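Next come the chains, spelled out residue by residue.
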Amino acid sequence: MSTQNISTIIVTGGAGYIGSHTIIELLQQTSYNIVSIDNFSNSNKDTFDRIKAITGKNIVNYNVDICHLEALEKTISQIENPIGIIHFAAFKSVPQSVAEPLLYYHNNLGSLINILKICQKFHISHFIFSSSCSVYGNVEKLPVTEQTPFSNAESPYAQTKQMGEEIVTNFAKSQSGFNSVLLRYFNPVGAHPSGLNGEYPRSKPDNLVPYITQTAIGILQKLTVFGGDYDTRDGSCIRDYIHVSDIADAHVKALNYLIDHKQKKSTSIFNLGTGNGVSVLEAVHSFEKVTQQKLNYEVGPRRAGDVINIYANNDLVKKELNWDPKYDLDEMMLSAWKWQLNLANEKNS
Ligand code: UD1
């Protein structure tokens, strides 16, 4: 059987939280051949079984460290007709990046440069970069639009995303026929509505929602709300939480946008948020309400590297990509809980 005409989309970090949800949407919404490159440095091999349980499809994964260019080139040369790369693979903990900045500069920027070298060498024309609302820093005017200028990065993690955006933008300008989208995620949370796939931290989570669900189920003792004295409506930080399946859906739309050459520039930038600012305490209360669980939490000191208040203006992405987030905060919390219960059942069976 000839597979000559099948186009392949490469997903780096395909076993990760957003990568795996995006693979599910790609498999369900497109007919591309999808392959993953993931060295499981912060993810689990059984994610591919979860993808199969949801979609019925097997994914080929290459266990390669993207920071190793030679190994990466060898891998890509084995892939049939690659036309696009969605680059998720990166470290993403704000506090860890404050403690270990070199790890973040090396891993997040080294891997990005290598993957762009791959695009050049193998003539791969379409590229999507996982960026973050952390590029904006602490801004004066909310909500942020894609035109809001960057303030100082509050953490090395955020700085790798600011620099990453510039690297992609400059590379795209230099290459004819290459086009790219930078997606600035606000706070992706929740799990696949089936409860069969979700965020799977390998060690103690840094992010709020897995910390909440692990506390509620008894793995962790108590949630600390980092800071109750910020200049916000209840003193805790404000974020724009967005369901991971909505984020995944935006990648499919961004990919089609690139492949159909709908954009006029070599790089387009979109905010991926709901547009709603939610405080940490409001997120906790939503979780308590929809799950009927009383959460053990206390308000504690501020966390280094935190932005105080940020949420998105998402007009541009709605218009250009025809994307509209489907899930509200309660659904985000409920799906995260369903996933946590599912994991606990698996462990007990
Ligand atoms: C940051 C980025 C986001 C990125 C994410 C990746 C910003 C504004 N956002 O998210 O774009 O996708 O990193 O990890 O920098 N919190 C607690 N207690 C906890 C954990 C968290 O109170 O135990 C609070 C934090 O202080 C913060 C909120 O919950 O106010 C969300 O934190 P987290 O889930 O870690 O994400 P961000 O750091 O906002």
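Residues numbered from 1 in each chain as written. Predicted model: local features only at pLDDT ≥ 70, side-chain atom pairs only at ≥ 80, totals over all residues. Heavy atoms only, no water.

For the rest of this paragraph, the subject is the overall build of the protein. Across its full length, the protein holds eleven helices and 13 strands. The C-alpha atoms of the protein give 19 Å as radius of gyration, which agrees with the globular expectation for 349 residues (20 Å, within 12%). On the principal axes, the C-alpha backbone points of the protein span a range of 55 × 50 × 40 Å. A total of 349 residues make up the protein; the buried ones form 56% of that total. Summarising the internal contacts of the protein: among those between residues at least 6 apart in sequence, 81% fall at separations of at least 24. Element-wise, carbon and sulfur atoms account for 48% of the exposed surface of the protein, whose accessible area totals about 15,400 Å². With 30 positive and 34 negative side-chain charges, the protein shows a spacing of 3 Å between the two charge centroids. (Helix = DSSP H or I, 4+ residues; strand = E, 2+ residues; numbered from the N terminus. Rg over C-alpha atoms; globule rule 2.2 N^0.38 Å. Buried < 20%, exposed > 50% of the residue type's maximum accessible area, 1.4 Å probe, protein only. Contact = heavy atoms within 4.5 Å. Areas by Shrake-Rupley, 256 points an atom, 1.4 Å probe, with all protein chains shown as cover. Lys, Arg positive; Asp, Glu negative; His and termini not counted. Charge placed at Lys NZ, Arg CZ, Asp CG, Glu CD.)

Assignment of secondary structure puts S43 in the loop between β2 (33-37) and α2 (47-55). With 28 residues separating them along the chain, S43 and A15 place their C-alpha atoms 5.8 Å apart. Those residues within four positions of S43 in sequence are excluded, and the remaining contacts are A15, G16, D38 and R202. Within the structure, S43 has its side chain in polar contact with the side chain of D38 (distance 3.0 Å). (Polar contact = N/O pair within 3.5 Å; in protein donor to acceptor, adjacent residues only side chain to side chain.)

What follows deals with the pattern of salt bridges. Here the structure, examined in full by the defined rule, presents 15 salt bridges. Two residues, E346 and R50, come together in a salt bridge whose shortest N-O distance is 2.8 Å. Residue E346 is found in helix α11 (residues 329-348), and its partner R50 is found in helix α2; the two are separated by 296 residues along the sequence. Overall, the relative accessible area of 37% leaves E346 in the partly exposed class. When its relative accessible area of 6% is taken as the criterion, R50 is described as buried. Measuring nitrogen to oxygen at the nearest pair gives 3.2 Å for the salt bridge that ties D306 to R239. (Salt bridge = Lys/Arg side-chain N within 4 Å of Asp/Glu carboxyl O.)

This brings us to the site of the ligand. In the vicinity of the ligand there are 26 residues, among which K92, S132, T224, R239 and D306 approach most closely. N187 has a polar side-chain atom sitting 3.0 Å from an oxygen atom of the ligand. Taking R303, its side chain carries an N or O atom lying 2.8 Å from an oxygen atom of the ligand. For the ligand, whose accessible area on its own is 740 Å², the fraction buried by protein is 96%. Considering each element in turn, the shell around the ligand owes the most residues, four residues, to strand β8 (residues 223-226). (Near = heavy atom within 4 Å.)

Within the secondary structure layout, D246 lies in helix α8 (residues 244-259). Buried within the structure, D246 lacks any salt-bridge partner; K326 is the closest side chain of opposite charge, at an N-O distance of 5.3 Å. Those residues in contact with D246 that sit more than four places away from it in its chain are W323, D324, P325, K326 and Y327.

For the coordinates displayed, the defined rule picks out nine aromatic pairs. When the centroid spacing of 6.3 Å and the interplanar angle of 80 degrees are considered together, the rings of F40 and F48 count as edge-to-face. Relative accessible area serves as the criterion here: at 11%, F48 is assigned to the buried category. For the pair Y257 and F270, a centre-to-centre distance of 5.8 Å together with 75 degrees between the ring planes defines the contact as edge-to-face. Residue Y257 is located in helix α8, and its partner F270 is located in strand β11 (residues 267-272); the two are separated by 13 residues in the primary sequence. Note on accessibility: Y257 and F270 belong to one class, buried. In textbook terms, an aromatic cluster arises when at least three aromatic residues are bridged by ring pairs, as seen for F127, F171 and F178. The ring of Y230 has R302 lying over it, and the distance from NZ or CZ to the ring centre is 4.0 Å. (Phe/Tyr/Trp six-rings, centres within 6.5 Å; stacked < 30°, edge-to-face > 60°. Lys NZ or Arg CZ within 6 Å of the ring centre and 35° of its normal.)

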